[in-house]
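# Descriptive structure summary
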Amino acid sequence: MNTLKQTKVGSTVKVVKLHGEGVVKRRIMDMGITKGVEIYVRKVAPLGDPIEITVRGYELSLRKADAEIIEVE
């Protein structure tokens, strides 16, 4: 299983599944990250947290913990 956390900078990936539960999953979905959407990984901070992505035409920063529950291909 590949996660958004493992994705290299400059890559575009497609969301396969969200593995979170309850409030965490709902918050990620409210940010526009849903099954089938494409995500472009723009930058990763020097210590790996946060990850800056482009999704649905806007920039977004995610924590490593949140990126880990997003399965991509």
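See the structure shown above.
Residues numbered from 1 in each chain as written. Predicted model: local features only at pLDDT ≥ 70, side-chain atom pairs only at ≥ 80, totals over all residues. Heavy atoms only, no water.

### Focus: the pattern of salt bridges
- Per the counting criterion, the structure on display carries six salt bridges.
- Across the pair Glu 52 and Arg 42 runs a salt bridge whose closest N-O atoms are separated by 3.0 Å. Of this pair, Glu 52 sits in strand β4 (residues 51–55) while Arg 42 sits in strand β3 (residues 38–44), and the two are ten residues apart along the sequence.
- Residue classification places Arg 42 among the partly exposed residues on the basis of a relative accessible area of 32%.
- Salt bridges here are not isolated pairs; linked through shared partners, they connect Arg 27, Arg 63 and Asp 66. (Salt bridge = Lys/Arg side-chain N within 4 Å of Asp/Glu carboxyl O. Helix = DSSP H or I, 4+ residues; strand = E, 2+ residues; numbered from the N terminus. Buried < 20%, exposed > 50% of the residue type's maximum accessible area, 1.4 Å probe, protein only.)

### Here we look at the pairing of strand β2 (residues 12–18)
- When β2 meets β3, the two strands line up antiparallel, connected through three bridges. If you follow Thr 12 over to β3, its bridge partner there is Tyr 40.
- With three bridges joining them, β2 and strand β6 (residues 70–72) adopt antiparallel strand pairing. Residue pairing across strands places Leu 18 opposite Ile 70, the latter belonging to β6. (Pairing = 2+ DSSP bridges.)

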